[in-house]
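# Fold and contact review
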Amino acid sequence: MLDATQLLRFLSANTPRRLRVIENVLVGKRSVSTLYWGMRYAQLDWLGYDKRLSRTEVDQAAQSLVNDKLAVMADTKVKLTPEGLTTLNATSLYQPQALSVRLTVDISTFWQRFLLAIQVVSEASFENRQYYPLQVPWAVKQTIKRWFHQYREASLAEQFRTFLEAFLTSLPTTQANFLANLLVGHVQPGKTITQLAQTAEMSLAEATLIQTDLVCQLVQFIQQEQAPVFTTLLAGLVNSPVSQSALQTVQAYNQGQSLSTISQRRHLKDSTVREHLLEAAILEPLNAFDYERTLSPALQTKLADIFDQQSIDEWQFDQVAPLSLEFWQFRLYEILRSKQDDQ
Amino acid sequence: MISDSQFYQALKQTFGFETFRPGQLEALKALGAGKDTLAVLPTGAGKTLIYELYGFLADQLVVVVSPLISLMQDQVATLSVRGEKRAAALTSMMTYNEKQAVLAHLNQYRFLFVSPEMLSQSAVLTAISRVQLGLLVVDEAHCISTWGPDFRPEYLLLGQIRHLLGDPLTLMATATATDHVKADIKAKLQLPDAEEIILPVDRQNIFLDVEKFEVLADKDERLETLVQQLKKPGVIYFSSKQKADEMAGYLNQKTTCHVAAYHADLDLETRFKVQQQFMLGQLDVICATSAFGMGIDKNNVRFVIHYHLPGDLESYWQEIGRAGRDGQPSIAILLYQPGDEQIAQFLSETTVPEPNEIDYYYHQKAPLAAPDNKANLIWFYRNHHVSLERVLAGFEKRREQRFRALQKMLAYVRISSCRREFIRSYFDQTDSEKPTHCCDNDEQLDISALGLEASDNERVQLASTDWQSIVTQLFAH
Ligand SMILES: [Zn+2]
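Quick notes on the rules
- Residues numbered from 1 in each chain as written.
- Chains lettered and ligands numbered in written order.
- Predicted model: local features only at pLDDT ≥ 70, side-chain atom pairs only at ≥ 80, totals over all residues.
- Heavy atoms only, no water.
- Domains from an automatic or database assignment.
- Salt bridge = Lys/Arg side-chain N within 4 Å of Asp/Glu carboxyl O.
- Nonpolar A, V, L, I, M, F, W, Y, C, P; charged D, E, K, R; others polar.
- Core = buried A, V, L, I, M, F, W, Y, C linked by side-chain atoms within 4.5 Å.
- Buried < 20%, exposed > 50% of the residue type's maximum accessible area, 1.4 Å probe, protein only.
- Contact = heavy atoms within 4.5 Å.
- Axes fitted to C-alpha atoms, helices over the stretch in contact; angles between N-to-C directions.
- Helix = DSSP H or I, 4+ residues; strand = E, 2+ residues; numbered from the N terminus.
- Parallel < 35°, antiparallel > 145°, perpendicular 65-115°, else oblique.
- Buried area = accessible area lost by both parts, 1.4 Å probe.
- Pairing = 2+ DSSP bridges.

Looking now at the domain arrangement of chain A. Residues and elements named next belong to chain A. Parsing chain A into structural domains produces domain 1 (4–93), domain 2 (103–234) and domain 3 (244–342). In this structure, domain 1 and domain 2 have C-alpha centres spaced 32 Å apart. Where domain 1 meets domain 2, there are 1 salt bridge. Taking the shortest distance from any N to any O, the salt bridge between E206 and R9 comes out at 3.4 Å. In terms of residue class, the side of domain 1 that touches domain 2 is made up of 5 nonpolar, 1 polar and 2 charged.

Written out as structure tokens, the structure reads:
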């Protein structure tokens with residue numbers, strides 16, 4: 001669902017960006033190179049945002065920007081023209097606030113649960129037993145059945161009203177209205193995302209992004225409030241952004257095992273172990289990864305001297321040849337510095 | 001043997017009705033007397049009530065074989081609304097564990113909906129054969145004949161499966177069937193002596209109209225006019241999902257009506273919302289695809305328009321059957337542009353493999369997990385030890401059949417005499433009278449004379465959309 005307008009938000013007027021990286025991040029490819037460049041483009045929150053995206057769509061969107069002179073393309077590297085930058089600024093695309101929640105929470109299952117929970121509570125408050133329940137996967141239905149059984153005595157309607165009012169008040173009015181219109185309850189079937197896009201005269205891609213981001217904000221709100229009725233709806237949906245296998249590698253690494261021990265014990269190639277560590281370094285917060293084990297303070301000082309004043313995207317591996325580093329160590333340093341810059 | 005008074009009592013108790021609709025009691029009596037039954041009742045006549053009521057009285061598991069997942073889910077939802085929570089659909093969308101959970105507790109269910117593919121899996125068959133089966137229902141039984149050979153070969157196994165289940169009492173239900181199809185259904189299920197309950201397929205309150213266009217733009221413009229003019233609600237059928245989406249957007253823009261698309265590509269949330277909005281009268285028009293069943297009954301649909309040409313008269317008749325279930329005047333309009341039959345023919349034959357494809361797939365070593373439907377289809381026959389010659393001949397016959405069916409559909413479009421008489425003779429039913437307003441070949445279409453003109457005050461007012469009132473309305477005080 002990537003159109004030319006949506007592609008604008010991933011481009012820069014300063015440096016050409018690789019179209020394939022933008023595509024791979026959206027599709028959710030977890031190669032180290034995709035993750036690294038996704039981080040450099042500040043696009044990681046979008047990892048796996050559009051799993052069904054096709055290369056043709058991406059290429060067409062890019063070509064259309066080029067045709068309109070909003071971007072220039074060379075070797076599938078794309079850069080905004082000054083007109084492109086003006087257009088991007090004038091288009092006032094929706095700016096997501098909490099998209100990174102996607103990386104740690106299964107928000108689509110959460111949304112199915114939340115929607116069904118509201119419907120169940122709404123119908124119960126009207127003492128209506130005969131209604132069409134939202135169609136959801138079997139597991140979601142079971143979860144909400146148990147949830148309702150657990151909390152049915154807890155004046156749920158009142159809690160939901162208070163909760164929704166608190167959350168929706170915290171949003172700008174148009175966004176509060178947007179989210180509320182999606183809700184389903186007694187004699188209130190809710191609006192479809194297509195209908196909301198039509199009403200607001202925006203593209204379906206833009207409306208879908210708003211919905212995704214608002215659901216992310218809703219999850220954040222629940223995580224802050226810590227009311228059991230609502231946190232229970234997140235049970236089992238919170239996960240590390242790092243893949244299971246990479247997590248095990250990192251755990252062993254943090255316990256002090258050598259890389260060769262890890263690769264032997266876990267029956268992994270040496271290169272895979274390094275990829276796992278880089279994946280974790282990129283996706284985890286700065287303090288969650290033991291950088292100093294690989295990059296001692298002394299080494300970091302030497303590296304800092306070499307790259308003094310140079311911007312990260314211009315660093316070359318050749319420049320560290322005198323230090324006889326492995327490439328993955330060089331990349332780890334790039335990650336460390338990127339994260340420090342963001343702080 | 002179940003008595004009439006027991007049927008009436010159950011009708012009152014479970015459905016709150018005093019009287020049966022035509023055909024229902026006859027079918028129930030046949031089943032009650034232990035006779036396998038073929039019920040040909042028009043869409044909207046209440047086929048499902050027959051097996052729901054029978055299941056209620058027999059107090060045994062009823063297995064319903066149904067072609068579409070969406071249809072099964074709708075039926076489970078409908079039963080649940082009626083207070084029957086012991087219903088489940090066993091679908092390919094469930095995980096292994098979910099399916100196991102249902103199969104392990106089959107004796108706790110009264111209604112189980114399955115696709116023929118699911119039912120032919122040995123784990124499913126074994127589980128079902130362990131419980132006392134009260135009734136086997138083959139819903140949309142015409143699929144055995146019209147879809148079987150190329151689309152859903154597992155339908156052909158149903159006769160065998162029925163034996164494996166110990167020859168349970170069987171209800172075959174369909175909305176439309178020619179004599180030929182009826183014979184075919186009974187033959188494939190190996191029930192040549194089944195009792196037949198046949199109601200007239202004709203729907204007297206539906207005016208039949210066909211309109212022809214030289215260019216597409218005229219067709220779109222006419223559709224726009226019709227949607228604006230006709231009394232709502234209505235359904236428009238398309239043969240592609242993209243076109244349904246596109247025209248829903250177009251009509252929303254060009255008319256004052258609320259229009260939404262409805263097809264198999266929609267996510268569950270959207271599908272639910274569109275269905276419920278339509279039920280609650282918040283939508284005027286639905287742009288649907290033909291392959292997609294709409295399980296929820298809406299009695300007051302005033303028009304069914306076909307934007308594309310259906311592949312056969314059976315499908316057409318079944319789809320227009322969504323109009324006027326309340327008995328009030330309604331209309332079925334087919335918009336035809338010369339060349340439409342090529343799309344129809346393409347869609348209708350696209351599932352029938354060509355001889356070279358048959359030969360190729362038949363001789364492949366072992367592509368068991370073939371990604372291609374046609375490959376699976378041919379492997380199905382190969383695995384069931386059907387010779388290459390017979391497969392080739394079968395599909396050749398199938399292609400001719402599809403072609404002849406489309407020619408019949410085209411004949412309906414081109415005919416200059418009464419369309420209703422044409423339909424009746426096609427379905428081998430020629431004995432009933434013609435309604436006052438019959439078809440555009442008998443009298444020129446006059447929407448207001450038919451009482452089908454939209455009045456201005458009909459415009460649907462949508463509920464207010466500010467979040468405060470939405471939240472207030474969600475929960476009772
Ligand atoms: Zn006529």
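All right, on to the nonpolar core then. L7(A), F110(A), F114(A), W147(A), F160(A), L164(A) and L168(A) are the most contacted members of the largest nonpolar core, which totals 129 residues. Beyond its immediate stretch of four places on either side in the chain, F110(A) contacts V215(A), L218(A), V219(A), I222(A), L233(A), L234(A) and L237(A). Among the nonpolar cores identified, the runner-up in size contains 50 residues, and V102(B), L106(B), L119(B) and Y155(B) belong to it.

On to the packing of helix α17 (residues 297–306) of chain A against helix α18 (residues 327–342) of chain A, then. All names here are of chain A. Contact geometry for α17 and α18: axes closest at 12 Å, N-to-C directions at 80°. Considering the angle they form, α17 stands roughly perpendicular to α18. Residues Q300, L303 and A304 of α17 pack against Y333, L336 and R337 of α18. Partitioning the contact of α17 with α18 into residue classes produces 4 nonpolar, 1 polar and 1 charged.

All names here are of chain B. Each domain of chain B was delimited in the assignment, giving domain 1 (4–198), domain 2 (206–342 + 415–474) and domain 3 (351–407). The C-alpha centroid of domain 2 is placed 29 Å from the C-alpha centroid of domain 1. Listed as interface residues are 16 residues of domain 1 and, on the opposing side, 19 residues of domain 2. Roughly 1400 Å² is buried in total at the junction of domain 1 and domain 2, and carbon and sulfur atoms are behind 52% of that figure. It is T43, D74 and T176 that lose the most area in domain 1 upon contact with domain 2, and together they represent 35% of the buried surface on that side.

Residue and element names in this part refer to chain B. Reading across the sheet, the 7 strands line up as β3-β4-β2-β5-β6-β1-β7 and stay open at both edges, with parallel pairing between neighbours. Across the chains shown, the open sheet's two edge strands, defined by having one partner strand only, are β3 (87–90) and β7 (195–198). The sheet shows a mean angle of 20° between the axes of neighbouring strands, direction not considered. The pairing of strand β1 (residues 37–40) with strand β6 (residues 170–174) spans 4 bridges and is classified as parallel.

Attention now moves to the pairing of β1(B). Residues and elements named next belong to chain B. In β1, alternate side chains face the same way, and those of T37 and A39 on one face and L38 and V40 on the other are all buried. Across 4 bridges, the pairing between β1 and β7 is parallel. Among the inter-strand pairings, A39 is bridged to a residue of β7, identified as I197.

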